[in-house]
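Structural features, examined
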Amino acid sequence: MNEPSRLPTPFRLIVTGGGTGGHTYPALTAVRSLQARLAADGRALDVLWIGTPDGLEARVAPAEGIAFTTVATGKIRRSANPLKMVSPANVKDMARVPLGVAQARKIVSDFRPNVVLATGGYVAVPAGLAARMCKRPLVLHEQTVRLGLANRKLAGSAARIAVSSESTLPLLPEAVRSAAVVTGNPVRPEVLTGHAEKAVTTLGLTGFDRRLPTLYVTGGAQGAQQINGVIADALPWLLERANVVHQCGPANVDALRATAAGLPPQLAGRYYLTGFIGPELPDVLALADVVVSRSGAGTLAELTALGKPAVFVPLASSAGNEQAHNARHLEEAGAAVALEGEVTAARLQKALGPLLTDPARRAGMAEAARAHGRPDAADRLVDVLLSVASGG
């Protein structure tokens with residue numbers, strides 16, 4: 001009698017993190033890459049995502065067919081004044097943390113993961129602590145130059161701390177430095193496969209002058225009032241030197257359209273305004289010679305992987321001022337220009353002028369950006385997960 005064929009046991013992964021795209025998308029990209037790696041070896045992946053009910057991950061994980069569950073969390077509202085940290089809202093939320101840890105401990109104990117991956121955001125803390133309690137290996141991934149608050153809390157419990165940049169290593173506490181490995185920040189693979197001509201066709205950019213460089217301006221999905229205002233003020237100057245694709249956020253289209261209505265026809269044809277850019281983003285990035293944007297970790301990872309010269313306008317209110325640190329880090333490497341503080345049309349023009357008019361300057365910055373890019377970051381992170389799970 002033949003023995004029934006035994007299928008290899010599935011690899012079991014708990015992923016936790018979210019709240020924003022910066023924590024959610026790297027986790028999702030790592031899950032996809034791990035799934036593909038295991039499938040090539042004839043193995044399946046069982047994955048469970050622990051998140052918050054109102055974070056981006058609550059929409060993204062189920063849409064990707066990933067099992068999703070939530071735990072109670074406490075968000076710490078930061079303040080430069082330590083006394084303000086002891087606010088009623090903070091005290092109330094911190095009281096929820098033990099409940100979240102208890103819930104997470106039961107989830108981890110029942111699921112028995114080979115490894116837990118935490119990508120940051122306050123929801124990662126209960127699941128990360130639960131991994132330690134259940135003696136399951138924990139891998140942290142940090143997207144920004146400095147460890148975020150959640151990862152700082154969990155660093156001592158981690159088997160490995162995967163960081164996105166070499167410059168993070170000296171900033172780590174000495175006690176955990178030996179656990180660190182530089183992987184880069186996982187970039188959605190589709191971002192790297194765009195075609196410039198497809199963007200021209202899809203968006204109908206018939207008025208673009210292809211002898212001029214193309215500038216892509218974005219403030220993220222909702223747009224950024226600060227960036228939109230400066231672009232509006234500099235618009236005629238910009239369009240004399242470049243074609244512009246401007247993703248301004250759905251709420252800002254009408255005001256900017258009114259501004260553009262006064263442009264001479266030949267300049268107006270070089271301006272493409274849209275509230276939102278969706279699946280065509282890889283093609284728009286392929287078309288862009290220079291980018292103006294915020295400096296979130298995900299944006300930096302994509303632009304450096306593609307080798308795009310950029311002028312960054314950091315979001316001043318980002319947690320721990322991380323966007324300013326990200327932008328400065330690339331500016332010091334000659335891979336971008338960072339515009340901090342009050343940004344005016346004159347300052348933007350001064351930053352963009354050399355990049356739009358001097359192809360050699362653009363090429364030099366593109367090369368410096370590419371040197372910081374890690375298009376294979378997802379594969380490197382998967383290597384870490386598999387190594388830790390096998391006791392390496």
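You'll find the structure just up there.
Throughout, residues of each chain are indexed from 1 in the direction in which the sequence is written. pLDDT decides what is reported in this predicted model: residues at 70 or higher carry local features, side-chain atom pairs at 80 or more are listed and counted, and totals for whole chains, interfaces and linings draw on all residues regardless. No hydrogens and no water enter the side-chain calculation; it runs on all heavy atoms of the structure.

This part takes up the pairing of strand S5 (residues 138-142). In terms of burial, S5 is largely enclosed, as five of its five residues are buried. Residues Leu138, Leu140 and Glu142 point to one face of S5 and Val139 and His141 to the other, with burial holding for every one of them. As paired strands, strand S4 (residues 115-118) and S5 are joined by three bridges and run parallel to one another. If you follow Ala118 over to S5, its bridge partner there is Leu140. Here S5 pairs with strand S6 (residues 160-163) via four bridges, running parallel. Its bridge partner lying in S6, Val139 is registered against Arg160. Orient the strands so they point away from the viewer; a crossover is then right-handed if the path from the first strand over the helix to the second runs clockwise. What counts as a helix is a DSSP run of H or I of at least four residues, what counts as a strand is a run of E of at least two, and both are numbered from the N terminus. The parallel pair S5 and S6 is bridged by helix H7 (residues 149-154), and the resulting crossover is right-handed. For each residue, the accessible area found with a 1.4 Å probe, counting protein chains only, is set against the maximum for its type, and the residue is called buried under 20%, exposed over 50%, and partly exposed in between. Strand pairing is assigned whenever DSSP identifies at least 2 bridges connecting the two strands.

Turning our eyes to something else, we now look at the environment of Lys153. Position of Lys153 among the secondary structure elements: in helix H7. Sequence separation of Lys153 and Gly42 is 111 residues, and the distance between their C-alpha atoms is 37 Å.

This next bit is on the pattern of salt bridges. In the sections that follow, a salt bridge refers to a side-chain nitrogen of Lys or Arg positioned within 4 Å of a carboxyl oxygen of Asp or Glu. This model, assessed by the stated rule, comprises 13 salt bridges. Two residues, Glu190 and Arg32, come together in a salt bridge whose shortest N-O distance is 3.6 Å. One end of the pair, Glu190, is in the loop between strand S7 (180-182) and helix H8 (196-203); the other, Arg32, is in helix H1 (residues 21-40), with 158 residues separating them in the sequence. Its relative accessible area of 28% is what places Arg32 among the partly exposed residues. Linked through salt bridges whose partners overlap, the residues forming this network are Arg32, Glu64 and Glu190.

Another aspect to go through is the nonpolar core. What is meant by a nonpolar core is a set of buried Ala, Val, Leu, Ile, Met, Phe, Trp, Tyr and Cys residues, joined one to another through side-chain atoms within 4.5 Å. One finds Leu215, Leu238, Tyr271, Val292, Val311, Leu348 and Leu352 to be the most contacted residues of the largest nonpolar core, which totals 36 residues. Among the secondary structure elements, those contributing two or more residues to this core are strand S8 (214-218), helix H9 (225-241), helix H10 (253-260), strand S10 (271-274), strand S11 (290-293) and helix H15 (345-357). Contacts are assigned to residue pairs with any non-hydrogen atoms lying within 4.5 Å of each other. Beyond its immediate stretch of four places on either side in the chain, Val311 contacts Val291, Val292, Ser293, Val337, Leu339, Leu348, Ala351, Leu352 and Leu355.

We now examine the packing of aromatic side chains. Any two rings among Phe, Tyr and Trp, with Trp reduced to its six-membered ring, count as a pair given centres within 6.5 Å; such a pair is stacked if its planes are under 30 degrees apart, edge-to-face if over 60, and tilted if neither. Enumeration over the complete set of coordinates arrives at zero aromatic pairs. The lysine or arginine in question, Arg12, covers the ring of Phe111, its NZ or CZ lying 4.1 Å from the ring centre. Ring-over charges, as used throughout, are those where CZ of Arg or NZ of Lys falls within 6 Å of the ring centre and within 35 degrees of the ring normal. The ring of Tyr25 has Arg188 lying over it, and the distance from NZ or CZ to the ring centre is 5.3 Å.

With that out of the way, let us pick up the layout of surface pockets. Volume-wise, the second largest pocket comes out at about 290 Å³. Lining the second largest pocket are 20 residues, and of these Ser164, Ser165, Thr304, His329 and His372 sit closest to its centre. Secondary-structure elements contributing two or more residues to the lining of the second largest pocket are helix H13 (297-306), helix H14 (322-332) and helix H16 (359-372). Ranked by residue count, the leading element in the lining of the second largest pocket is H13, at four residues. Within this scheme a cavity is a closed region of a 1 Å grid, computed over the protein atoms alone, that accommodates a 1.4 Å probe without allowing it to escape, whereas a pocket is open but has protein on both sides within 12 Å along at least five of seven lines; lining residues each have an atom within 4 Å of a point. Grid points are joined across faces, edges and corners, and a volume is the space filled by probe spheres set on the points.

Purely geometric numbers; function is a separate question.
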